[in-house]
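Breakdown of the fold
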Amino acid sequence: MSLPKEEVEKIAHLARISLNEQDIPLYTHNLSDILTLVEQMNSVDTKGITPMAHPLDATARLRADIVSESNQRELFQSIAPQTEGGLYLVPKVIE
Amino acid sequence: MHNKTIAELSKALHQREYSSVELTRHFLERIERHNAKINSFITITAETALASAQAADQRIAQGKAGPLTGIPLAHKDIFCTKGIKTSCGSKMLDNFIAPYNATVVEKCQAAGMVMLGKTNMDEFAMGSSNETSYYGPVKNPWDTQTVPGGSSGGSAATIAARLSPLATGTDTGGSIRQPAALCGITGLKPTYGLVSRYGMIAFASSLDQGGPMGHSAEDVALLLNQMAGFDQRDSTSLNHPAEDYTSHLNDSLAGLKIGLPKEFFAEGLDPEVGKVLDTAIKEFEQAGATLHEIQLPHSHLSVPTYYIIAPAECSSNLSRYDGVRFGYRCENPKDLIDLYKRSRGEAFGAEVKRRIMIGTYALSAGYYDAYYLKAQQIRRLISNDFVEAFKKVDVILGPTSPTTAFKIGEKLNDPISMYLSDINTIAANLAGIPGISIPAGFVNQRPVGLQLLGNYLNESRLLNIAHQYQQRTDWHKQTPANFV
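Thresholds, definitions, all that
Residues numbered from 1 in each chain as written. Chains lettered and ligands numbered in written order. Predicted model: local features only at pLDDT ≥ 70, side-chain atom pairs only at ≥ 80, totals over all residues. Heavy atoms only, no water. Helix = DSSP H or I, 4+ residues; strand = E, 2+ residues; numbered from the N terminus. Rg over C-alpha atoms; globule rule 2.2 N^0.38 Å. Buried < 20%, exposed > 50% of the residue type's maximum accessible area, 1.4 Å probe, protein only. Contact = heavy atoms within 4.5 Å. Lys, Arg positive; Asp, Glu negative; His and termini not counted. Charge placed at Lys NZ, Arg CZ, Asp CG, Glu CD. Expected span 1.5 Å × (residues − 1). Bend = angle between axes of the 7 residues up to and from the residue. Core = buried A, V, L, I, M, F, W, Y, C linked by side-chain atoms within 4.5 Å. Axes fitted to C-alpha atoms, helices over the stretch in contact; angles between N-to-C directions. Parallel < 35°, antiparallel > 145°, perpendicular 65-115°, else oblique. Nonpolar A, V, L, I, M, F, W, Y, C, P; charged D, E, K, R; others polar. Patch = residues over 30% accessible without salt bridge, like charges linked within 9 Å, V, L, I, M, F, W, Y side chains within 5 Å. Areas by Shrake-Rupley, 256 points an atom, 1.4 Å probe, with all protein chains shown as cover. Salt bridge = Lys/Arg side-chain N within 4 Å of Asp/Glu carboxyl O. Buried area = accessible area lost by both parts, 1.4 Å probe. Pairing = 2+ DSSP bridges.

Concerning the overall build of chain A
- The helix and strand tally for chain A stands at 3 helices and 2 strands.
- Starting at the N terminus and walking to the C terminus, you meet the elements of chain A as α-α-α-β-β.
- Since a compact globule built from 95 residues should have a radius of gyration of about 12 Å, the 22 Å found for chain A marks it as more spread out than a globular shape.
- Among the 95 residues that make up chain A, the fraction classed as buried is 29%.
- Intrachain contacts of chain A at a sequence separation of at least 6 include 31% that bridge at least 24 residues.
- Taking the average location of the 8 positive side-chain charges in chain A and that of its 14 negative ones, the two points are 7 Å from each other.

Topic: helix α2 (residues 20-38) of chain B
Residue and element names in this part refer to chain B.
- Taking 1.5 Å of rise per residue, the 19 residues of α2 would be expected to cover 27 Å, and the 25 Å separating its terminal C-alpha atoms lies within 8% of that figure.
- At glutamate 32, α2 is deflected by roughly 40 degrees, the largest bend along its length.
- When we look at burial in α2, the residues that qualify are Ser20, Val21, Leu23, Thr24, His26, Phe27, Leu28, Arg30, Ile31, His34, Asn35 and Ile38.
- Against α1 (6-14), β1 (41-44), α3 (46-61), β2 (72-76), β3 (114-119) and α5 (153-160) lie the buried residues of α2.

Quick word on the nonpolar core
Residue and element names in this part refer to chain B.
- Judged by nonpolar contacts, the single largest core of 171 residues is most densely connected at Phe124 and Phe386.
- Residue contributions to this core peak at 9 residues, all from helix α12 (residues 369-392).
- The residues contacting phenylalanine 386, other than those within four sequence positions of it, are Leu296, Ile396, Ala427, Ala428, Ala431, Ile433 and Leu453.

As for the packing of helix α4 (residues 103-110) of chain B against helix α7 (residues 217-227) of chain B
All names here are of chain B.
- Running from N to C, α4 and α7 cross one another at 110 degrees; their axes reach a closest spacing of 8 Å. Judged on the interaxial angle alone, α7 and α4 are roughly perpendicular. Residues Val104, Lys107 and Cys108 of α4 lie in contact with α7, whose contacting residues are Leu223, Gln226 and Met227.
- Residues of the contact of α4 with α7, tallied by class, amount to 4 nonpolar, 1 polar and 1 charged.

Section: a nonpolar patch on the surface
- Nonpolar side chains collect at one region of the surface, where Leu75(A), Phe76(A) and Tyr88(A) lie side by side and expose about 230 Å² of accessible area between them.
- When you line up the elements, Tyr88(A) lands in strand β2 (residues 87-88).

Quick look at the interface of chain B and chain A
- Contact residues are listed per partner, giving 67 residues for chain B and 49 residues for chain A.
- Buried surface at the junction of chain B and chain A, summed over both partners, amounts to about 5200 Å²; 69% is from carbon and sulfur atoms.
- A per-residue breakdown of the area chain B buries against chain A is headed by Met357(B), Tyr361(B) and Arg380(B), which together make up 14% of the total.
- Taken together, the elements giving at least two residues each to the side of chain B that touches chain A come down to α9 (302-317), α10 (336-347), α11 (350-363), α12, α13 (415-419) and α14 (426-431) of chain B.
- Sorting elements by how many residues they give to the side of chain B that touches chain A places α12(B) first, with 12 residues.
- Broken down by class, the residue content of the side of chain B that touches chain A amounts to 36 nonpolar, 17 polar and 14 charged.

Here we look at the pairing of strand β9 (residues 395-399) of chain B
Residue and element names in this part refer to chain B.
- With respect to burial, β9 is a largely interior element, 5 of its 5 residues being buried.
- Pairing of strand β7 (residues 257-261) with β9, which is carried by 2 bridges, proceeds in the parallel orientation. The residue bridging glycine 259 from the neighbouring strand is isoleucine 396, located in β9.
- By the bridge criterion, 5 bridges tie β9 to strand β11 (residues 446-454) in an arrangement that is antiparallel. Across the sheet, the residue bridging to leucine 397 is leucine 452, located in β11.

Notes on the pattern of salt bridges
- Applying the stated rule across the entire model yields 17 salt bridges over all chains.
- Between Asp231(B) and Arg233(B) there is a salt bridge, with the nearest N and O atoms lying 3.5 Å from each other.
- Relative accessible area serves as the criterion here: at 7%, Asp231(B) is assigned to the buried category.
- Residue class for Arg233(B) comes out partly exposed when judged on its relative accessible area of 36%.
- Through salt bridges that share partners, Lys5(A), Glu9(A) and Glu21(A) make up one connected network.

As for the environment of Val44(A)
- Examined against the element boundaries, Val44(A) turns out to sit in the loop between α2 (24-38) and α3 (73-77).
- Its relative accessible area of 14% is what places Val44(A) among the buried residues.
- As for Val44(A) and Ile34(A), which are separated by 10 residues in sequence, their C-alpha atoms are 18 Å apart.
- Residue contacts for Val44(A): discarding those within four places in its chain leaves His298(B), Leu301(B), Lys374(B) and Leu381(B).

Points about unusual backbone geometry
Residues and elements named next belong to chain B.
- Following glycine 150, the chain continues into serine 151 via a peptide bond in cis, with omega recorded as 10 degrees.
- Phi at asparagine 332 is positive, roughly 45 degrees, even though this residue is not glycine.
- Structurally, the position occupied by asparagine 332 is in the loop between α9 and α10.
- Positive phi, normally seen in glycine, also occurs at asparagine 444, with a value near 50 degrees.
- Of note, asparagine 444 is situated in the loop between β10 (435-443) and β11.

Interpretation note: all reported values are geometric properties and have no functional meaning in isolation.
Written out as structure tokens, the structure reads:
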């Protein structure tokens, strides 16, 4: 399978990854190769097979609705790129 | 001291032949002397190691010590360590000081173990050669022109070079077993859910599993005793009663039924590796095991299936790296989208980007059924192959990797060829069953690994079989010439 360059650019945008223009041909080539490998899956008929999402088919465990974590805002914000007054700073979103 | 087993080290510490401080100094000196040659550590925590060693010595003096108190180990840099850099081999987390400890780290600390440092790894555990690390490739101590395997290549090389007697690793598609094979050490991937994933940086959550690495099955069993156990904080943790994984090591192999899947001995297997395996198989026969040819008819689909499921899960897991709350942020973003895109574009390496993009594509509107759902259906077929096989045999044996260590750079720009080096290990992750790799010989001075796969929660049996083999052979006692 061969992906067009525009498709790779679209995927990169959806994944929120900027690619250098000069690297795009190599990504296009590599991703096409991987999708070709993956095409081998089509050699098997899987009609009626229940998809396996988890090795042990476990279901989500429930717990009592009680507070178990303490507030550690300062600790967590100490490793953030930019904060002010207890808030995370990002570029302006709404004009 | 660096050639002793964990049981011997533990005995010496308890009999006060030497202290944990002396033992820790010995390994720190070895790291200082040899690490530059193999680049197996990202962070060396000498100060905290000596403080923990001192505390361990006190515990021993007070008679409150366990079998691992005072024993040094190294953690793969995927496990969060409070107050200590946890990079996951990525520029993205180069500045990340973890605010909490992984459960595995906590459990090792509680046992009084001494952390020497954090080991190098493929970026976000995506790789089979340790070349995708932001901190440069790890070199295989047996031949520094070759790779140690990956992604737990730093842990495997650390043990092979005897810079630490034990290490932790993680295995999503073979990342404990394949480097263990290429470095000539013992590495166990437990049943999915046996070891807590809390604080273990996520790659593909339905496949990721932490496990122990060391020289021998006996050493690894001791570390597994400490690592395993139910954890409230991991939503897929198994509520399985604690076991002593050393208790069956000495059981006889008489009557053991070993399955040999013809798919693992097919085309692609280096004939010299095949010969080493044949010799090893005879050893098991002499120990009383019987051999049975079996089939895993869907195993050839494990690589394609994995390269949908793992990237799909990784594209979701790695969306948390947004340049806002922690990790790398680009300079002067012009808007929020630019902040996301450039932070991720500048800080992720090529392999991580490839996998995120494959996952994004497979999960995007219109493609979900053809890729992700299809892959999950084949995952069921692969898993069913094992269910059938374990009706006939107790354990499945084969080569861990079809070749020995390859040259650094040889496969870096050819992702498909790199992916195929995990062809024998991936199926176990898809099914969630345990597997172990043990050293079985050499081809041109490069180690060959033998893999044993067992049914769910059969870790004790796998360790028993591996231990019995190691009682009859000494491949696991070999040391690379420059690290004696």
